[in-house]
Amino acid sequence: EEVVAFVEEATGVLRNPEHFHQTFVWYNQALALWREINELRKAVPCPMGVVDEVGDIYPLMQLAGTREAVAVYQMLLAEVKARVSAGEGILDEEKRRLIWLGVSPNYDTGILNFFEEFGAVLVKSDLDYMYGEIDLNDIFRGMARKLIHNYYHVTLENRLEMTRRLITDYRGEGVVCYVPRGCRQTCGSIAPIRDLVQKELGLPILVLEGNQADSRGYDGAQLRGAIERFLEMLE
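Residues numbered from 1 in each chain as written. Predicted model: local features only at pLDDT ≥ 70, side-chain atom pairs only at ≥ 80, totals over all residues. Heavy atoms only, no water.

1. Describing the layout of surface pockets
So, point 1. Its boundaries defined by the atoms lining it, the largest pocket holds a volume of some 560 Å³.
So, point 2. R35, D128, Y129, Y131 and G132 are the residues nearest the centre of the largest pocket, which is lined by 28 residues in total. (1 Å grid on protein atoms, 1.4 Å probe; cavity = no way out; pocket = protein on both sides within 12 Å on 5 of 7 lines; lining within 4 Å. Points joined across faces, edges and corners; volume = space filled by probe spheres on them.)

Structure below.
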């Protein structure tokens, strides 16, 4: 509320309550469409994986609250529905279903495609678990709840439970975790996540280290070598 007052004073433009409300109507609609798409992605074979997700999540990140975001997800939903109905997957032969945790290197997103060369599909990531529906009857409080319920901001147990659900719901047969060295939340949770995946669920996990935006010191060939060895181990 203080931010709204500050912006109004700084710009000389008062908040339009109707437009403000409509913004969050569109946000909730886009989020609902995205969640419906994610439900379809549980299908075998997987109709849409992480390779597409890292780009397709952009409207929810940067265009949330716009008519355009809703339109994009309406089109994407129709496409994914058609692929599921036709039994079309990302690959002609889906050998392995893997869960991707964390961000990906923005300067080398092709590393996500590399898994497909070995018949493995990254079926789902945790990128979108920071989004929650906004209560239209109490928008300010809803915005606050959305922030504090972001699994990166609360307890480690929440992230572990989210990881467990991802593996179960999307039939993950292994986990790949990309750890940006500058991200304390990810670095601090990797040991318990490894324990969850290996000891509790009995699945293999590959931990890759790098950065999200800074390519200095990044060795794509080295990471691809680690991925290849990991996938060969799963054979």
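2. Remarks on the nonpolar core
So, point 1. In this structure, L60, L98, W100, F115 and L208 are the most contacted members of the largest nonpolar core, which totals 43 residues.
So, point 2. Broken down by element, this core gets its largest block of residues, nine residues, from helix α2 (residues 17-40).
So, point 3. Setting aside residues up to four positions removed in sequence, L60 forms contacts with Y27, A30, L31, W34, Y73 and Y131.
So, point 4. Listed in part, the 20 residues of the second largest apolar core include I99, L160, V175 and L196. (Core = buried A, V, L, I, M, F, W, Y, C linked by side-chain atoms within 4.5 Å. Buried < 20%, exposed > 50% of the residue type's maximum accessible area, 1.4 Å probe, protein only. Helix = DSSP H or I, 4+ residues; strand = E, 2+ residues; numbered from the N terminus. Contact = heavy atoms within 4.5 Å.)

3. A few points about the side chain of S125
So, point 1. Mapped onto the elements, S125 comes out in strand β2 (residues 120-125).
So, point 2. Overall, S125 belongs to the buried group, its relative accessible area being 0%.
So, point 3. A distance of 3.1 Å separates the side chain of S125 from the backbone nitrogen of L127, its partner in a polar contact.
So, point 4. Those residues in contact with S125, other than ones at most four positions away along the chain, are V50, E53, W100 and L166. (Polar contact = N/O pair within 3.5 Å; in protein donor to acceptor, adjacent residues only side chain to side chain.)

4. Quick word on the packing of α2 against helix α5 (residues 67-85)
So, point 1. Relative to each other, α2 and α5 sit at 15°, their axes nearing to 9 Å. As judged from the angle between their axes, α2 and α5 are roughly parallel. As α2 runs across α5, the sense of the crossing is left-handed. Along its contact with α2, which presents W26, Q29, A30, L33, W34, E36, I37 and L40, the element α5 presents R67, A69, V70, Y73, Q74, L76, L77, V80, K81 and V84.
So, point 2. Residue composition of the contact of α2 with α5, grouped by class: 13 nonpolar, two polar and three charged. (Axes fitted to C-alpha atoms, helices over the stretch in contact; angles between N-to-C directions. Parallel < 35°, antiparallel > 145°, perpendicular 65-115°, else oblique. Left-handed = near helix turned anticlockwise from the far one by under 90°. Nonpolar A, V, L, I, M, F, W, Y, C, P; charged D, E, K, R; others polar.)

5. Points about the confidence of the model for the protein chain
So, point 1. With 98% of its residues at a pLDDT of at least 70, the protein chain reaches an overall mean of 92.
So, point 2. Considering each helix and strand of the protein chain separately, the mean pLDDT is smallest for helix α9 (residues 184-200), with a value of 88, and largest for α5, with 98. (pLDDT = per-residue confidence, 0-100.)

6. Focus: the pairing of strand β3 (residues 175-180)
So, point 1. Of all six residues in β3, six are buried, a share of seventy percent or more.
So, point 2. Alternating positions in β3 separate into two faces, V175, C177 and V179 on one and V176, Y178 and P180 on the other, with burial throughout.
So, point 3. Inspection of the sheet shows strand β1 (residues 96-101) paired to β3 by three bridges, in the parallel sense. By the bridge assignment, W100 is partnered in β3 with V176.
So, point 4. Note that β3 and strand β4 (residues 205-210) share six bridges and pair parallel. Paired with V176 across the bridge in β4 is L206.
So, point 5. Crossover β3 to β4 through α9 is right-handed. (Pairing = 2+ DSSP bridges. Right-handed = clockwise from strand over helix to strand, strands pointing away.)

7. Some words on the packing of α2 against helix α7 (residues 139-148)
So, point 1. Interhelical geometry of α2 versus α7 gives an angle of 40° and a closest axis separation of 11 Å. Taken together, the axis directions place α2 and α7 in an arrangement best described as oblique. In this structure, α2 crosses over α7, and the sense of that crossing is left-handed. Residue-level contacts link F20, H21, F24 and Y27 of α2 to I139, F140, M143 and K146 of α7.
So, point 2. Each residue belonging to the contact of α2 with α7 can be placed in one class, and the counts come to six nonpolar, one polar and one charged.

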